[in-house]
Amino acid sequence: MSDESVRKVHKPNLVVEDEDIGLLETDETMTNQEFTSIFYNTSVFDENDGTMVFDAEVINKFKRVLVYQEKLEPLRERIICLQFEKYFEDEDVDRENSKVVTISLFGECEIPNVTIYASKENGDYIYVTCKTFRKMLKKLEDNTIQFLKPPGNEPVISLRLWAFDNDMDLSFENEKLEISFHDSESDESREESFENTEKSSSKKKGTTGKDVVDQIIGSKSDSKKSSGKDKSQTKHAGTLTKGEYDQIFINNYVESGEDIEIKPSVLEKTEKLISNMEQVKTVRERFSYHNVRKFIDEDLNIDNLISDELKVMVNNRPVCKFKVYKTKEAEEKLYISLFNFKLLLTRAGSYYSLYLYGDKETFVNLNRWADESCAGIQIDEKSKTMKIIF
């Protein structure tokens, strides 16, 4: 008789009532064989080792699996919401101005009949519901996005901020929104320096849906490599490991063939992670504002300025159209709203700008920012274009 069989003989043959069931103080594992035995009632005894399929140990352990999953569910949703809320928008969304379009994702797949909403600030169609955003990332094989379920009134996602944050480009034409990774060799600055043959050979080739997600979300292969190292670490360490983090999003046990780990220690560490993520939100916002407040003119009277809507570009990469204000004096000073300055910074690759509160009533002195950033500003009145060149 196997050691496993002997161990089971000494377990009390008593099924704990639902109201009394709880998690053990230590982590435990339910084997896939035990798990599937709950669903496949082919015989009274398991043919492999002779132990009873529906003994009290398996039933109690399965109940603890259910308790564990019920406790994990709100934590999963909170973590994903905290990760993606930097793309949430509400005030700028023109919900009365929408279009039904097809979204093309990196040439890999298309999602037809998608409703996108316009921006109140510049009229660009760049907002989608969380449901549409989940569908997009699901198409790109990101399974964690299913847990993006913001509480209360569901905000919309700014595809523009998402694209800027992940070095992607958006183009809207013929009722189709194309999302693609940026090809730096296609910039006008590159076109002036290289021959056409050199440009064409530089384009990315063979990008798959998985490649796209690996670039956006992070490499899955790194996760697999780290999981082996995680197992050797102390179970109750205060830090949530990458392997543990990945495991909390797994809920397709029936067909996976994997054992199920019931980890109260992970629940504790996940709750600590969420607490830290929530506390750092205000710190990020304060840091972001601290970095730009020196460019803000508090007493600016916008009525005394001349405004013009320009197509703004950063190093030949489009940001969007927005109003640029200038003084009437001989020595021009240029201003844009803090809302648009956030977009400009994000397109320029600023790591903190996503957490900047984009106030439309606060204005930034562009000249002061450009001087400190060693950037040049070029305005073409004829083409209604402003270029920021670093």
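Quick summary incoming for the structure in this document.

How each quantity is defined
- Starting afresh in each chain, residues are numbered from 1 along the sequence in its written order.
- Owing to the predicted nature of the model, reporting of local features is limited to residues with pLDDT of at least 70; listing and counting of side-chain atom pairs is limited to 80 or more, with chain, interface and lining totals taken over all residues.
- Water and hydrogen atoms play no part in the side-chain values, which are based on all heavy atoms of the structure.
- Numbering of helices and strands runs from the N terminus, with a helix taken as a DSSP run of H or I at least four residues long and a strand as a DSSP run of E at least two residues long.
- Throughout, exposure labels follow a simple rule: accessible area from a 1.4 Å probe, protein chains only, divided by the maximum for the residue type, with under 20% read as buried, over 50% as exposed, and the rest as partly exposed.
- Between two residues, a contact is recorded if the distance between any of their heavy atoms is within 4.5 Å.
- Each accessible area value is a Shrake-Rupley result obtained with a 1.4 Å probe; residue values ignore everything except the protein chains displayed when judging cover.
- Paired strands, in this sense, are two strands between which DSSP finds at least two bridges.
- Lines fitted to C-alpha atoms define the axes, with helix axes restricted to the stretch in contact, and inter-axis angles between N-to-C directions lie between 0 and 180 degrees.
- In this scheme, roughly parallel covers angles under 35 degrees and roughly antiparallel covers those over 145, while 65 to 115 is roughly perpendicular and the rest are oblique.
- Residues are grouped as follows: Ala, Val, Leu, Ile, Met, Phe, Trp, Tyr, Cys and Pro are nonpolar; Asp, Glu, Lys and Arg are charged; every other residue, Gly included, is polar.
- Among the buried residues, those of types Ala, Val, Leu, Ile, Met, Phe, Trp, Tyr and Cys that are joined through side-chain atoms within 4.5 Å form a nonpolar core.
- For Phe, Tyr and Trp, rings pair up if their centres lie within 6.5 Å, where Trp contributes its six-membered ring, and each pair is then called stacked (planes under 30 degrees apart), edge-to-face (over 60) or tilted (otherwise).
- Using a grid of 1 Å spacing that covers the protein atoms alone, one calls a set of points a cavity when a 1.4 Å probe fits there but cannot get out, and a pocket when the set is open and has protein on both sides within 12 Å along at least five of seven lines; lining residues are those with an atom within 4 Å of a point.
- Grid points are joined across faces, edges and corners, and a volume is the space filled by probe spheres set on the points.
- A carboxyl oxygen of Asp or Glu within 4 Å of a side-chain nitrogen of Lys or Arg is what we treat as a salt bridge.

Remarks on the overall build of the protein
Assigned secondary structure in the protein consists of 13 helices and 15 strands. Counting every position in the protein, which comprises 390 residues, the buried fraction comes to 43%. For the protein, contacts bridging at least 24 residues in sequence account for 64% of all contacts bridging at least 6. Within the structure as shown, the protein displays about 22100 Å² of accessible surface, and the carbon and sulfur contribution to it stands at 47%.

Section: the sheet that holds strand β11 (residues 317-326)
Taken together, 6 strands build an open sheet; the order of strands is β13-β12-β11-β10-β15-β14 and the sheet is mixed. In this open sheet, the two strands that pair with only one neighbour each are β13 (363-365) and β14 (376-380). Sheet twist, expressed as the average angle between the axes of neighbouring strands with direction ignored, equals 35°. In terms of strand pairing, β11 meets strand β12 (residues 334-337) through 2 bridges, oriented antiparallel. Pairing of Tyr 325 across the sheet is with Tyr 335, part of β12. Along the sheet, helix α12 (residues 338-347) makes contact with β10 (306-314), β11, β12, β13 and β15 (385-389), crossing β11 at roughly 145°.

Examining unusual backbone geometry
At Glu 141, a residue that is not glycine, the phi angle is positive and equals roughly 70°. Inspection of the secondary structure puts Glu 141 in the loop between α4 (130-139) and β6 (156-158). For Asn 315, which is not a glycine, the phi torsion comes out positive at approximately 50°. Turning to its location among the elements, Asn 315 is positioned in the loop between β10 and β11.

Focus on the packing of helix α2 (residues 32-39) against helix α3 (residues 56-84)
It is the contact of α2 with α3, at a shortest axis distance of 10 Å, that shows an interaxial angle of 95°. The pairing of α2 with α3 is recorded here as roughly perpendicular in orientation. Here Glu 34, Phe 35, Ser 37, Ile 38 and Phe 39 of α2 come into contact with α3, specifically with Val 58, Lys 61 and Phe 62. Tallied by class, the residues present in the contact of α2 with α3 amount to 5 nonpolar, 1 polar and 2 charged.

With respect to the nonpolar core
Ranked by internal contacts, the top residues of the largest apolar core, which has 88 residues, are Ile 103, Phe 133, Met 136, Trp 162 and Phe 341. Residue contributions to this core peak at 11 residues, all from α3.

Concerning the packing of aromatic side chains
The tally for this structure, following the rule as stated, stands at 14 aromatic pairs. Plain terms: the ring middles of Phe 133 and Trp 162 are 5.4 Å apart, the flat faces sit at 90° to each other, and that makes the pair edge-to-face. Taken as a pair, Phe 133 in helix α4 and Trp 162 in helix α5 (residues 159-165) lie far apart in primary sequence, 29 residues in all. One exposure class covers both Phe 133 and Trp 162, and it is buried.

Observations concerning the pairing of strand β3 (residues 93-105)
Within a regular beta strand, the side chains point alternately toward one face of the sheet and then the other, so they alternate between its two faces. As paired elements, β3 and strand β4 (residues 109-119) share 9 bridges and run antiparallel to each other. What sits directly across from Leu 105, in β4, is Cys 109. Where β3 folds back on β4, the antiparallel hairpin that results is connected by 3 residues, among which Phe 106 adopts a positive phi of roughly 55°. Sheet topology note: the β3/strand β8 (residues 176-181) ladder contains 4 bridges and is parallel. The residue of β8 that forms the bridge with Thr 102 is Lys 176.

Comments concerning the layout of surface pockets
What the second largest pocket holds in volume is close to 580 Å³. Lining of the second largest pocket is provided by 23 residues; of these, Leu 170, Ser 171, Phe 172, Pro 318 and Val 319 occupy positions nearest its centre. Breaking the lining of the second largest pocket down by element, the ones donating at least two residues are β5 (125-129), α5, β7 (168-173), β8 and β11. A class-by-class count of the residues in the lining of the second largest pocket yields 9 nonpolar, 5 polar and 9 charged.

Thoughts on the pattern of salt bridges
Using the criterion set out here, one finds 23 salt bridges in the structure. Among the ionic pairs, Asp 165 bridges to Lys 86, the shortest N-O distance being 3.2 Å. Here the residue Asp 165 occupies a position in helix α5, and Lys 86 occupies one in the loop between α3 and β2 (88-89), the gap between them amounting to 79 residues. Residue Asp 165 is classed as partly exposed on the basis of its relative accessible area, which comes to 31%. Residue Asp 297 is joined to Arg 368 by a salt bridge in which the shortest nitrogen-to-oxygen separation is 2.7 Å. With Asp 297 in the loop between α11 (264-292) and β10 and Arg 368 in helix α13 (residues 366-372), this pair connects stretches of sequence that are 71 residues apart.

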